[in-house]
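# A look at the structure
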Amino acid sequence: MKTIRLTLALMALTSLTACDYIQGRQNLADEREDGAYRAALADYRAGRLDAAVKGFAKAIRKSPGNASARFQYACLMQDTKKDYLAAFCAYREFLLLRPESDKAKIAQDRLALCERELARELADKYRLVGNDASAAEIAALRKELKAANARVAEAEKSLEEEQARFRTLESEHQRLVSAVKGTGASEASSRPNVVSVKDLLDEEDEETSSPGRSSLDEIAALKAEEAEETSTGSSLLPRQTADDHAKRAADEAFRAEEARAAAERAAAEKARRPPTYVVQEGDTLYKIALRFYGRVAAWRLIRDANKTLISNDGRVRAGQTITLP
């Protein structure tokens, strides 16, 4: 009996581990579908290593949680740039993001190589050979290591800030979506309720009827009232129609005032907005639209006004001078 229970427990543990592994593989697959990551990978396969390094760095800035981009960036910095400190930091961040991935062992081995290369570089720089190292050289080495740790801490802080900024943008996007949905609901609820003549007659009948009146008396009284209203021509329909016209006129005036105020705000924003803008490193059309127009959806206006510079997917490059319509 104990053997059967132990076997079932091992099978459940194996199933959970397999599910975690499949989920991790799916997350990595989603990361590799990122546009910046795919462009950098294409540069790497074409032998454009400098462009690939910049592309993976851009993918990391765009999505700080992209572990695949960090791994590729670390490999390039280690193998082509020989920047072992940058590679060390990138491997470390990759292991923090994906400690259980299939590349974690490779990242750990490469991290150890970076540590050895950094130690060798520092030893060559300060001539730390045998027992001839002086106190000044040891102090300089410790200072260099302290500076390296400070750069790592700064990189971690930058990663946290980028993640917080991404969460803020995502929250703003959800707020805008909710606002759009709420606008549609408020328009539907602001429509005037049309009261039928029958309902008005029923209410008047309830007010004038006495508890002792029979059903036949009520029907006769209702017919008499209808005949009287028909003969005198004092139907409630004209009054109701006039009220509806007044409400519609008020609604139209309110909408016209809103449109005028929106036009004035747009004109003021356009007056404050510069006619052109030079794209900075890390900029996207979403960020530029949110900065100058106050809404992310305005990125299409910028793209359409700069068709000769910006492709349909909306990617921009640092240094481009674009028109702000």
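About the cut-offs
- Residues numbered from 1 in each chain as written.
- Predicted model: local features only at pLDDT ≥ 70, side-chain atom pairs only at ≥ 80, totals over all residues.
- Heavy atoms only, no water.
- Helix = DSSP H or I, 4+ residues; strand = E, 2+ residues; numbered from the N terminus.
- Buried < 20%, exposed > 50% of the residue type's maximum accessible area, 1.4 Å probe, protein only.
- Contact = heavy atoms within 4.5 Å.
- Areas by Shrake-Rupley, 256 points an atom, 1.4 Å probe, with all protein chains shown as cover.
- Phe/Tyr/Trp six-rings, centres within 6.5 Å; stacked < 30°, edge-to-face > 60°.
- pLDDT = per-residue confidence, 0-100.
- Axes fitted to C-alpha atoms, helices over the stretch in contact; angles between N-to-C directions.
- Parallel < 35°, antiparallel > 145°, perpendicular 65-115°, else oblique.
- Left-handed = near helix turned anticlockwise from the far one by under 90°.
- Salt bridge = Lys/Arg side-chain N within 4 Å of Asp/Glu carboxyl O.
- Core = buried A, V, L, I, M, F, W, Y, C linked by side-chain atoms within 4.5 Å.
- Expected span 1.5 Å × (residues − 1).
- Nonpolar A, V, L, I, M, F, W, Y, C, P; charged D, E, K, R; others polar.
- Arc of directions from axis to C-beta.

Per the secondary structure count, the protein includes 12 helices and 2 strands. Ordered by position in the sequence, the α and β elements of the protein form the string α-α-α-α-α-α-α-α-α-α-β-α-α-β. The buried share of the protein, reckoned over its 325 residues, is 24%. A sequence separation of at least 24 residues applies to 51% of the contacts in the protein between residues at least 6 apart. On the protein, roughly 22,400 Å² of surface is accessible, and the fraction owed to carbon and sulfur atoms is 56%.

This model, assessed by the stated rule, comprises 5 aromatic pairs. The rings of Phe71, Tyr91 and Phe94 are connected pair by pair, giving a single aromatic cluster.

Quick look at the confidence of the model for the protein now. On average, residues of the protein score 77 in pLDDT, and 71% of them reach the 70 mark or higher. Here residues 194-213 is modelled with pLDDT under 50, and outside its nearest four sequence neighbours on either side it reaches 12 contacts, counting other chains as well.

Before going further, it helps to spend a moment on the packing of helix 4 (residues 67-79) against helix 5 (residues 84-97). Helix-helix packing: each pair is described by the crossing angle between the helix axes and the interaxial distance. Between helix 4 and helix 5, whose axes approach to 8 Å, the crossing angle comes to 155°. Compared by their axis directions, helix 4 and helix 5 come out roughly antiparallel. Relative to helix 5, the crossing made by helix 4 is left-handed. Together, Ala67, Arg70, Phe71, Tyr73, Ala74, Cys75, Met77 and Gln78 of helix 4 and Tyr84, Ala86, Ala87, Ala90, Tyr91, Glu93, Phe94 and Leu97 of helix 5 make up the contact between the two elements.

Take the pattern of salt bridges next. Note that side chains of opposite charge can pair when their charged atoms are close. Under the criterion given, the structure shown has 13 salt bridges. Salt-bridge contacts for Lys62 lead to Asp34; the nearest nitrogen and oxygen are separated by 3.5 Å. Separated by 28 residues along the polypeptide, Lys62 in helix 3 (residues 49-62) and Asp34 in the loop between helix 1 (2-31) and helix 2 (35-45) bring together distant segments of the chain. Judged by relative accessible area, Asp34 falls into the buried class, the value being 17%. Its salt-bridge partner being Arg120, residue Glu117 comes within 2.8 Å of it at the nearest N-O pair. Within this pair, Glu117 and its partner Arg120 are both found in helix 6 (residues 104-126), separated by 3 residues, close to a single helical turn.

Moving on, we come to the nonpolar core. Core analysis: the largest hydrophobic core is formed by 34 residues, its most contacted members being Phe56, Tyr73 and Tyr91. Considering every element that reaches this core, the biggest residue donor is helix 5, with 10 residues. For Phe56, the contacting residues outside a window of four places in its chain are Tyr37, Ala40, Leu41, Ala69, Gln72, Tyr73 and Leu76. In terms of nonpolar packing, the next biggest core, distinct from the first, is built from 14 residues, Val279, Leu285, Ala289 and Val316 among them.

For helix 5, spanning 14 residues, the distance from its first C-alpha to its last is 20 Å, which sits close to the expected 20 Å at 1.5 Å a residue. Where helix 5 is concerned, the buried positions are Tyr84, Leu85, Ala86, Ala87, Phe88, Cys89, Ala90, Tyr91, Glu93, Phe94 and Leu95.

At a closest axis distance of 8 Å, the pairing of helix 2 and helix 3 adopts a crossing angle of 165°. Accordingly, the angle class assigned to the pair helix 2 and helix 3 is roughly antiparallel. As helix 2 packs across helix 3, the resulting crossing turns out to be left-handed. Between helix 2 and helix 3, the contacting residues are Ala36, Tyr37, Ala40, Leu41, Asp43 and Tyr44 on the first element and Leu49, Ala51, Ala52, Gly55, Phe56, Ala59 and Lys62 on the second. Classifying every residue of the contact of helix 2 with helix 3 by side-chain character gives 10 nonpolar, 1 polar and 2 charged.

On to helix 11 (residues 285-293). Buried within helix 11 are the following residues: Leu285, Ile288, Ala289, Phe292 and Tyr293. Taken down its axis, helix 11 places every buried residue within 100° of arc, on the same side. Count one or two residues on from helix 11 and you reach Gly294, which has phi positive near 80°.

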